[in-house]
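Here is what each chain is made of, one letter per residue.
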Amino acid sequence: MALLKALLVFLVGITYTSACGRTSNTPAFCESGECPRFSVVETTEDFELRNYEAAKWVSTEMTGMSNARASREGFNRLFNYISGDNEAGQKIDMTAPVLMKVTDNSDKMTMSFFIPFEHQDSPPAPSAENVFINEVPEHEVYVRSFSGYADQDDYNREAQALAASLQQASSSFEEGVYFTAGYDAPFKPVNRHNEVWYKKA
């Protein structure tokens, strides 16, 4: 029941942000929420290279869990934070993407929500000890996009395809760690947008 409530609020929250917070340069796939700012450095048939501005994210780490359980646990922790489980008791709009850091041969995963622009300068501190504010410096990532409902097998397969494309293109990237990025509410049936990222080395 708690997860269903979280997903319903996710849907309502991102629709509100779409109506009230979108700008003219927001990418089409961010229609469902406020996204971190980036510029496109390079585009090929197989991937895109983006430069992301420095930004704050709220994050949480899961260890010793299955991918499915880590996704549920991470989402619930971060959802609680934006629902007011922070030192200011402040509710914060849902954003996109929901980002998950996956490390090869490790049972540790890190989920993150982008902090909305109005809170970037001073986001409220989390109340939970297992949730933290993560200051991410400016960086570049290689991105592969795909559609449909995605599970961990889909993300793994797309990450392997992205790695193969980067190796074929002799593009240097941080191997062994990739990110999954989901942009849509779970109840959106069509035109879904998913991504996998590798950081440029």
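This text follows the structure it describes.
Residues numbered from 1 in each chain as written. Predicted model: local features only at pLDDT ≥ 70, side-chain atom pairs only at ≥ 80, totals over all residues. Heavy atoms only, no water.

## With respect to the overall build of the chain
- Each helix and strand in the chain was counted, giving three helices and nine strands.
- Residues classed as buried in the chain amount to 45% of the 201 residues present.
- For the chain, the accessible area works out to roughly 10,400 Å², and carbon and sulfur atoms hold 47% of it. (Helix = DSSP H or I, 4+ residues; strand = E, 2+ residues; numbered from the N terminus. Buried < 20%, exposed > 50% of the residue type's maximum accessible area, 1.4 Å probe, protein only. Areas by Shrake-Rupley, 256 points an atom, 1.4 Å probe, with all protein chains shown as cover.)

## So, the pattern of salt bridges
- Using the criterion set out here, one finds eight salt bridges in the structure.
- Linking glutamate 73 and arginine 77 is a salt bridge whose minimum nitrogen-to-oxygen distance equals 3.0 Å. With glutamate 73 and arginine 77 both in helix α2 (residues 67–82), this residue pair falls four residues apart, about one helical turn.
- Exposure remark for glutamate 73: the relative accessible area of 30% places this residue in the partly exposed category.
- Classification of arginine 77 by relative accessible area gives buried; the value is 13%.
- The shortest N-O distance in the salt bridge between lysine 188 and aspartate 184 comes to 3.2 Å.
- For aspartate 184, a relative accessible area of 9% corresponds to the buried category.
- Via salt bridges that share partners, Glu48, Arg50 and Glu195 belong to a single interconnected network. (Salt bridge = Lys/Arg side-chain N within 4 Å of Asp/Glu carboxyl O.)

## Looking at unusual backbone geometry
- Following alanine 96, the chain continues into proline 97 via a peptide bond in cis, with omega recorded as 0°.
- Positionally, proline 97 belongs in the loop between α2 and β4 (98–103).
- A positive phi angle, near 55°, is found at serine 170, a position not held by glycine.
- Within the secondary structure layout, serine 170 lies in the loop between α3 (152–168) and β8 (177–182).
- With a relative accessible area of 68%, serine 170 lands in the exposed category.

## Observations regarding the pairing of strand β5 (residues 108–114)
- Here β5 lies mainly inside the structure; six of its seven residues are buried.
- In the sheet, strand β3 (residues 55–63) pairs with β5 via seven bridges, with the strands oriented antiparallel. Among the inter-strand pairings, glutamate 61 is bridged to a residue of β5, identified as threonine 110.
- Both β4 and β5 contribute to a ladder of five bridges, which runs antiparallel. If you follow valine 98 over to β5, its bridge partner there is phenylalanine 113.
- Hairpin remark: β4 followed by β5, antiparallel, with four residues in the connecting loop; positive phi at asparagine 105, about 55°. (Pairing = 2+ DSSP bridges.)

## What about the sheet that holds β3?
- In spatial order, the strands read β1-β2-β7-β9-β8-β4-β5-β3-β6; together these nine strands make up an open sheet with antiparallel pairing. The open sheet has two edge strands with one neighbour each: β1 (38–43) and β6 (131–136). Neighbour-to-neighbour, the strand axes of this sheet turn through a mean angle of 30°, independent of strand direction. (Axes fitted to C-alpha atoms, helices over the stretch in contact; angles between N-to-C directions.)

## Here we look at α2
- When the terminal C-alpha atoms of α2 are compared, their 22 Å separation across 16 residues agrees well with the 22 Å that a helix rising 1.5 Å per residue should span.
- Glycine 84 occupies a position one or two residues after α2 and carries a positive phi of about 120°. (Expected span 1.5 Å × (residues − 1).)

## A closer look at the state of the cysteines
- One pass over the structure, following the stated rule, counts one disulfide.
- Covalently, cysteine 30 is tied to cysteine 35 through a disulfide, its sulfur atoms 2.0 Å apart. Handedness of the cysteine 30-cysteine 35 disulfide follows from its S-S torsion of about -115°: it is left-handed. There is no split in this pair, since cysteine 30 and cysteine 35 are both buried. (Disulfide = S-S within 2.5 Å.)

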